[in-house]
Amino acid sequence: MDGKKKIRTAFLGLAVAAGLTGLLGTGLLERADLAASDALYQHVQTPDDDILLMGIDQRALEAIGPYEQWGRDVIARALETLNQPEGRPAVIGIDVIFSGETKEEADQWLAQVAARYDNVVTASLVKFGDRIEEDGTGGYRLAQIPVTGVDMPYAALQEVTEQGHVNAVLDADGVLRHHLLHIQLPEGEMMPSLALAVARRYRQLEGGPPLELPPTRSNGLWYLPFCDRAGGFDTSTSLADLVTEETDGAVSIEERRKNWDGKIVLIGPYEAGLRDSYPTAIDHGSLMFGVEYQANAIQAMLWGDYKKEVGDGLQLALLFAAMLLCLAGSWRRPVRSSTLLWLMLSGGYLLLCRLLYGLGWVLHVLWIPVGATVLYAGCLAFNYIQAAMERRHVTNTFKRYVAPEIVNELLKEGTDALELGGKLTQIAVLFVDVRGFTPMSELLKPTEVVEILNQYLTLISRCILKNSGTLDKFVGDAAMAFWGAPLPQEDYVMKAVQAAVDMAKGSESLSQALMEQYGRTVSFGIGVHVGDAVVGNVGSPERMDYTAIGDTVNTAARLEANAPAGTIYISRAVADALEGRIRTTSLGGSVKLKGKKEGFEVLRMEEIL
């Protein structure tokens with residue numbers, strides 16, 4: 001491949017890698033990539049036993065009544081039951097919105113209970129507005145604008161509790177993967193999430209080091225490594241157990257107190273009809289209740305198990321480098337090596353993703369495997385088409401000149417065999433000329449001359465190809481052929497001599513037929529020599545000939561020029577190479593070859609032994 005072609009190929013590879021990188025970076029694979037990331041990254045871990053869920057479940061609804069009719073006294077009674085001296089939780093998080101003051105005694109009671117025990121964190125819901133804006137391409141999109149309001153606990157409860165928002169932000173595919181750590185309110189205050197407020201207070205009461213905050217995006221979201229699926233946390237206690245005298249009959253409230261003493265208790269909806277559930281990254285097939293989602297976030301914060309999503313800029317650069325590597329290893333490469341590279345690149349990247357996830361980094365799972373697969377398949381298809389075209393090109397170039405078995409061997413070399421240039425190699429060269437053809441052509445019709453010539457040239461071609469030779473060229477009524485190239489051949493000198501003998505024998509029957517038809521006959525003069533010559537493509541890229549040049553070729557031509565009709569002249573080099581296998585008659589230096597010094601021995605070929 002010449003320099004310009006290499007440069008063009010390099011630029012093409014860069015363009016393909018850049019184009020595929022840009023395409024994958026547009027979000028084309030977003031949903032599939034998110035799902036694949038969930039499958040690779042999210043896995044069940046056993047949560048600690050210091051987070052308990054007390055759900056507003058079906059049993060609570062049956063015992064207390066429809067949720068819409070509940071008074072705030074229900075939660076007040078639950079807080080009193082939980083905060084008995086025999087065993088009280090360290091922190092109680094309530095995933096229920098108590099906005100709007102009713103002025104009822106229940107409101108006062110709930111606020112008084114929360115103030116008395118000072119371990120309650122209540123929920124708030126931040127409201128965002130939407131608007132339609134131009135997307136910069138002539139279209140429109142739904143854009144989020146800043147906070148428009150907050151559903152806070154009523155004033156009395158707000159004063160005596162800490163608040164945390166319970167907003168859940170779903171990804172584009174409707175799956176919950178992130179946690180909104182904090183939200184900036186219109187007044188400039190940062191409101192933490194309910195999970196952050198609970199985890200931070202619990203860590204303070206433990207007396208441990210300050211809670212380390214997770215790495216967030218600019219919008220406050222952080223990637224949440226769920227520790228368990230829906231139902232994974234302790235939900236053995238129903239809210240009904242706290243506010244009624246009835247229990248599930250298994251364990252008394254007194255026994256339960258030992259279980260929740262000094263721990264985190266979360267109260268929230270735990271019934272599908274209350275519409276507080278989402279598909280999550282750890283399990284798309286089942287819904288997780290909001291209170292379980294808060295528990296997962298709290299657990300991750302207490303563990304300090306944080307994951308940081310690597311920026312798209314760095315991942316695009318990594319993708320571009322991987323695409324270049326895949327192109328370099330697959331473009332015009334053997335199927336086995338390109339397949340191995342594809343498997344190593346795709347499988348190795350997935351292993352890298354899993355390893356880096358364990359170290360706290362989140363990568364796009366599908367970008368590189370999909371890109372590598374596209375390039376691998378594309379290169380396979382291109383290589384197949386290119387190979388087919390090359391095979392046709394090589395076949396069309398050589399099939400008229402060499403034996404089929406040599407063409408098959410040349411196909412293995414591809415277009416390298418068709419590049420300009422040659423190499424020095426030892427070959428056997430044969431020249432043959434039709435004796436008596438010129439005077440005969442003066443007496444016959446042109447159509448008859450062409451017919452006779454074609455018969456002789458057909459005989460010559462068949463003898464050469466039959467003996468695995470390369471037919472170099474026809475020059476009028478003469479022809480040149482050689483053996484030992486373009487591929488090395490065993491016993492190539494004998495093949496050349498055998499072709500000469502076949503031509504001499506074939507010309508006898510052909511001459512007899514011509515004598516009967518036209519009353520005229522012709523025969524061959526043949527010369528064979530062996531030695532070094534330069535063999536290859538000579539000419540220009542637009543028009544080239546595959547030929548042999550050098551003194552060996554000239555000597556063979558001189559032998560043929562001096563050979564009488566029906567005679568085969570060979571050199572001493574040919575006779576020595578076939579010593580004991582042919583019978584010859586030495587003519588000594590009696591035959592003078594043009595351009596050769598005195599003493600050049602010429603031999604007449606008699607027969608093959």
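Because the structure is predicted, anything quoted here is derived from the model rather than measured. (Residues numbered from 1 in each chain as written. Predicted model: local features only at pLDDT ≥ 70, side-chain atom pairs only at ≥ 80, totals over all residues. Heavy atoms only, no water.)

**Student:** Can you walk me through the overall build of the protein in this structure?
**Tutor:** Scanning the protein from terminus to terminus reveals 19 helices and 23 strands. Put simply, of all contacts in the protein between residues at least 6 apart along the chain, 74% involve residues at least 24 apart. (Helix = DSSP H or I, 4+ residues; strand = E, 2+ residues; numbered from the N terminus. Contact = heavy atoms within 4.5 Å.)

**Student:** Sorry, what's going on with helix α10 (residues 290–303) here?
**Tutor:** End to end, α10 covers 20 Å across 14 residues, agreeing with the expected 20 Å (1.5 Å per residue, within 8%). Along α10, 13 of the 14 residues are buried, which leaves the element largely enclosed by surrounding structure. Phi turns positive one or two residues past the end of α10, at Gly 304, with a value near 70°. (Expected span 1.5 Å × (residues − 1). Buried < 20%, exposed > 50% of the residue type's maximum accessible area, 1.4 Å probe, protein only.)

**Student:** In this structure, what is going on with the confidence of the model for the protein? I would like to understand it.
**Tutor:** When pLDDT is averaged along the protein, the result is 87; 89% of the residues meet or exceed 70. The least confident element of the protein is helix α14 (residues 404–413), whose mean pLDDT is 53; the most confident is strand β11 (residues 264–269), at 97. (pLDDT = per-residue confidence, 0-100.)

**Student:** How should the nonpolar core be read in this particular structure?
**Tutor:** What tends to happen in soluble globular proteins is that the nonpolar side chains get buried as a cluster. In terms of nonpolar packing, the biggest core is built from 46 residues, with Leu 430, Trp 483, Met 503, Phe 524, Ile 526, Val 528 and Ile 570 touching the most fellow members. Among the elements that take part in this core, helix α17 (residues 492–518) stands out by supplying 13 residues, more than any other. (Core = buried A, V, L, I, M, F, W, Y, C linked by side-chain atoms within 4.5 Å.)

**Student:** Honestly, the pattern of salt bridges in this entry has me stumped. Any pointers?
**Tutor:** Where charged atoms of side chains with opposite charge meet at close range, the side chains can pair. Per the counting criterion, the structure on display carries 23 salt bridges. Note that Asp 151 is salt-bridged to Lys 127, the shortest N-O span being 3.3 Å. Within this pair, whereas Asp 151 is found in strand β4 (residues 140–151), its partner Lys 127 is found in strand β3 (residues 120–134), the two being separated by 24 residues in sequence. With relative accessibility at 41%, the residue Lys 127 sits in the partly exposed group. One connected set of salt bridges, linked through shared partners, spans Asp 38, Asp 171, Asp 173 and Arg 177. (Salt bridge = Lys/Arg side-chain N within 4 Å of Asp/Glu carboxyl O.)

**Student:** Which parts of the structure should I look at to understand the pairing of strand β17 (residues 470–475)?
**Tutor:** Successive side chains on a regular strand alternate, one facing one side of the sheet and the next facing the other. The pairing of β17 with strand β18 (residues 478–483) spans five bridges and is antiparallel. In the sheet register, Leu 471 faces β18, and the bridge partner there is Ala 481. Hairpin connection from β17 to β18: two residues lie between these consecutive antiparallel strands, with Gly 476 at a positive phi of about 65°. (Pairing = 2+ DSSP bridges.)

**Student:** Would you explain a nonpolar patch on the surface in this entry?
**Tutor:** A surface patch of nonpolar side chains, amounting to about 410 Å² of accessible area, comprises Leu 352, Leu 355, Leu 359 and Trp 361. Residue classification places Leu 359 among the exposed residues on the basis of a relative accessible area of 61%. (Patch = residues over 30% accessible without salt bridge, like charges linked within 9 Å, V, L, I, M, F, W, Y side chains within 5 Å. Areas by Shrake-Rupley, 256 points an atom, 1.4 Å probe, with all protein chains shown as cover.)

**Student:** Would you mind going over unusual backbone geometry with me for this structure?
**Tutor:** Phi is mostly negative for residues that are not glycine, and the peptide bonds are mostly trans. Across the junction of Ala 485 and Pro 486, the peptide omega takes the value 5°, indicating a cis bond. Along the polypeptide, Pro 486 turns up in the loop between β18 and α17. You will see that Arg 275, though not glycine, has its phi angle at about 55°, which is positive. One can find Arg 275 in the loop between β11 and β12 (277–280). Taking the relative accessible area as the measure of exposure, Arg 275 reaches 78% and is therefore exposed.

**Student:** Just checking my understanding: could you explain the environment of Thr 567 for this structure?
**Tutor:** If you trace the backbone, Thr 567 turns up in strand β21 (residues 567–571). Residue Thr 567 is classed as buried on the basis of its relative accessible area, which comes to 12%. Distance in space between the C-alpha atoms of Thr 567 and Glu 606 is 8.7 Å, their sequence separation being 39 residues. Filtering out sequence-adjacent residues up to four positions away, Thr 567 remains in contact with Phe 524, Gly 525, Ile 526 and Arg 604.

**Student:** Help me understand the state of the cysteines, please; the structure alone is not making it clear to me.
**Tutor:** Here a disulfide denotes a covalent bond joining the sulfur atom of one cysteine to the sulfur atom of another. On inspection of all chains with the given rule, the structure shows zero disulfides. Left unpaired, Cys 379 is separated from the closest cysteine sulfur, that of Cys 326, by 6.3 Å. (Disulfide = S-S within 2.5 Å.)

**Student:** Would you explain the side chain of His 165 in this entry?
**Tutor:** Structurally, His 165 is set in strand β5 (residues 162–165). A relative accessible area of 1% means that His 165 is categorised as buried. Within the local environment of His 165, its side chain forms a polar contact with the backbone nitrogen of Asn 167, the two atoms lying 3.2 Å apart. Excluding its chain neighbours within four sequence positions, the residues that come into contact with His 165 are Ser 124, Val 126, Leu 180, Leu 181, His 182, Ile 183, Met 191, Pro 192, Ser 193 and Leu 194. (Polar contact = N/O pair within 3.5 Å; in protein donor to acceptor, adjacent residues only side chain to side chain.)

**Student:** When you look at the pairing of strand β13 (residues 283–289) in this model, what are you seeing that I'm missing?
**Tutor:** Examined bridge by bridge, β12 and β13 share four bridges and lie antiparallel to one another. The residue of β13 that forms the bridge with Thr 280 is Asp 283. As consecutive antiparallel partners, β12 and β13 are separated by two residues.

**Student:** For this particular structure, what's the right way to read the packing of helix α7 (residues 194–206) against α10?
**Tutor:** Packed helix pairs are specified by the crossing angle of their axes together with the interaxial distance, meaning the distance between the axes. At a minimum axis separation of 9 Å, α7 and α10 run at an interaxial angle of 45°. With respect to α10, the element α7 is oriented oblique. Handedness of the α7/α10 crossing: right-handed. Facing Leu 194, Ala 195, Leu 196, Val 198, Ala 199, Tyr 202 and Arg 203 of α7, the residues of α10 in contact are Gln 294, Ala 297, Ile 298, Met 301 and Leu 302. Broken down by class, the residue content of the contact of α7 with α10 amounts to 10 nonpolar, one polar and one charged. (Axes fitted to C-alpha atoms, helices over the stretch in contact; angles between N-to-C directions. Parallel < 35°, antiparallel > 145°, perpendicular 65-115°, else oblique. Left-handed = near helix turned anticlockwise from the far one by under 90°. Nonpolar A, V, L, I, M, F, W, Y, C, P; charged D, E, K, R; others polar.)

**Student:** Any chance you could explain the packing of helix α1 (residues 3–24) against helix α11 (residues 312–330) here in plain terms?
**Tutor:** Closest axis-to-axis distance for the α1/α11 pair is 9 Å, and the angle between their directions is 140°. By the angle between their axes, α1 is oblique relative to α11. Regarding α1 and α11, the two cross each other, and that crossing is right-handed. Along its contact with α1, which presents Gly 13, Leu 14, Val 16, Ala 17, Ala 18, Leu 20, Thr 21 and Leu 24, the element α11 presents Leu 316, Leu 319, Phe 320, Met 323, Leu 324 and Leu 327. Along the lines of polarity and charge, the residues of the contact of α1 with α11 split into 12 nonpolar, two polar and no charged.

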